[in-house]
Amino acid sequence: MAGGVSCDLFETRTPADPGRNNFPCLSLDTPDNVFANITRAYGRGDGLGCYLSTLDAVAFAFHADPADSAASPVQFTGWTILVEERVARNIASDSDPDSFLLRLISPYDLVAQAPDVETRRYPYEIKFRGTAIADTLFQGLAEITVRKNAGGQWLVGDWVDRRDPSGTTSLTWGYLRGSFRIGI
């Protein structure tokens, strides 16, 4: 072999893990980590698995703002974990990481707290630029209940979306979600 270059078919190389997602997802051992994962992962294709891992597959329920539900009841009927997964996937596939910005604004209101349950109400702001919906701003209040499961993980069980009376728009996260409930 000339020049010291090897083309050996049996040469070892570092294997690639085909199922590994490289998105940095925090462990779900504290409520703070759950909310950090939601903020960092929602709306990102590479963060979809991280976002979905924060949801309780059995108990998850999403409740849209009453005005959003009244304006488009079909979009919000029967919102299960399967609907949430499809909608989150649709939103993530319509944006790139630089066109979706989610902020859960601190300080939050602690609505309820028990040893294994916590409900927080965050004002939120989403700036989104996608192909299926015009560049826009979504604002509201997300009241999210997390529960500690038998394995010690904190998971989102209940999510209530409301308009923020101090916001500059009536377009909510629920409105965004409803807009991407396609094929369900």
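Note that the coordinates shown come from a computational prediction; the quantities given were computed from them, not determined experimentally.

1. A word on the state of the cysteines
Under the defined criterion, the tally for this structure stands at one disulfide. One disulfide bridge connects Cys 25 with Cys 50, the sulfur atoms lying 2.2 Å from each other. Taking the torsion about the S-S bond as the criterion, the Cys 25 to Cys 50 disulfide, at about 80 degrees, is right-handed. On the criterion of sequence distance, the pair formed by Cys 25 in the segment before α1 (31-41) and Cys 50 in helix α2 (residues 48-53) is long-range, its members being 25 residues apart.

2. Topic: the nonpolar core
Core analysis: the largest hydrophobic core is formed by 40 residues, its most contacted members being Tyr 51, Ile 126, Val 156, Trp 159, Trp 173 and Leu 176. At the level of secondary structure, the elements contributing two or more residues to this core comprise α1, α2, α5 (81-93), β2 (100-104), β4 (117-128), β5 (136-148), β6 (154-162) and α6 (173-179). In terms of residue count, α5 provides more of this core than any other element does, five residues in total. Beyond its immediate sequence surroundings of up to four residues, Ile 126 is in contact with Phe 100, Leu 101, Leu 102, Thr 136, Leu 137, Phe 138, Trp 173 and Leu 176.

3. A word on the side chain of Asp 164
With respect to the secondary-structure elements, Asp 164 resides in the loop between β6 and α6. No salt bridge is formed by the buried Asp 164; the nearest opposite charge belongs to Arg 121, separated by 9.4 Å. Looking at Asp 164, its side chain comes within polar contact range of the side chain of Ser 166, at 2.8 Å.

4. Points about α1
Residues of α1 that are buried: Pro 31, Asn 33, Val 34, Phe 35, Asn 37, Ile 38 and Ala 41. Structurally, α1 contributes buried residues whose contacts are with α2, β2, β4, β5, β6 and α6.

5. Some thoughts on the pattern of salt bridges
Taken as a whole and assessed by the stated rule, the structure comprises eleven salt bridges. Arg 89 is paired through a salt bridge with Glu 85; the nearest N and O atoms lie 3.4 Å apart. One end of the pair, Arg 89, and the other, Glu 85, are both in helix α5, four residues apart, so they sit about a helical turn from each other. Where salt bridges share partners, they join Asp 32, Glu 118 and Arg 120 into one cluster.

6. Section: unusual backbone geometry
Each neighbour pair has its own omega, and for Ser 106 with Pro 107 the value is 5 degrees, a cis peptide bond. Structurally, Pro 107 is set in the loop between β2 and β3 (109-114).

7. So, the side chain of Glu 125
With respect to the helices, strands and loops of the structure, Glu 125 is situated in strand β4. By relative accessible area, Glu 125 is classed as buried at 14%. Every residue in contact with Glu 125, bar those within four places of it in the chain, is listed here: Leu 101, Leu 102, Arg 103, Ile 105, Leu 137, Phe 138 and Gln 139.

8. Describing the confidence of the model for the protein
Confidence along the protein averages 87 in pLDDT terms, with 84% of residues attaining 70 or more. Considering only residues more than four positions removed or in separate chains, one finds that residues 1-20, a stretch of pLDDT under 50, has two contacts.

9. Structural notes on the packing of aromatic side chains
All chains considered together, the criterion is met by twelve aromatic pairs. Residues Phe 35 and Tyr 122 carry aromatic rings whose centres are separated by 5.2 Å and whose planes lie at 50 degrees to one another, so their mutual orientation is tilted. A residue pair is termed long-range when its members are at least 10 positions apart, and Phe 35 in helix α1 and Tyr 122 in strand β4 qualify at 87 residues. Given a relative accessible area of 3%, Phe 35 falls into the buried group. In this structure Tyr 122 comes out as buried when scored by relative accessible area, which is 5%. Where Tyr 42 meets Trp 173, the ring centres are 5.1 Å apart and the plane angle is 85 degrees; that geometry is what we call edge-to-face. Within this pair, whereas Tyr 42 is found in the loop between α1 and α2, its partner Trp 173 is found in helix α6, the two being separated by 131 residues in sequence. With respect to class, Tyr 42 is no different from Trp 173; both count as buried. Clustering of aromatic rings is evident, with ring pairs tying together Tyr 42, Tyr 51, Phe 100, Tyr 124, Phe 128, Trp 159, Trp 173 and Phe 180. Here the guanidinium or amino end of Arg 177 rests over the ring plane of Trp 159, the centre of that ring lying 4.3 Å away. Residue placement shows Arg 177 over the ring face of Trp 173; its charged tip is 5.0 Å from the ring centre.

Procedures and definitions
Residues numbered from 1 in each chain as written. Predicted model: local features only at pLDDT ≥ 70, side-chain atom pairs only at ≥ 80, totals over all residues. Heavy atoms only, no water. Disulfide = S-S within 2.5 Å. Helix = DSSP H or I, 4+ residues; strand = E, 2+ residues; numbered from the N terminus. Core = buried A, V, L, I, M, F, W, Y, C linked by side-chain atoms within 4.5 Å. Buried < 20%, exposed > 50% of the residue type's maximum accessible area, 1.4 Å probe, protein only. Contact = heavy atoms within 4.5 Å. Lys, Arg positive; Asp, Glu negative; His and termini not counted. Salt bridge = Lys/Arg side-chain N within 4 Å of Asp/Glu carboxyl O. Polar contact = N/O pair within 3.5 Å; in protein donor to acceptor, adjacent residues only side chain to side chain. pLDDT = per-residue confidence, 0-100. Phe/Tyr/Trp six-rings, centres within 6.5 Å; stacked < 30°, edge-to-face > 60°. Lys NZ or Arg CZ within 6 Å of the ring centre and 35° of its normal.

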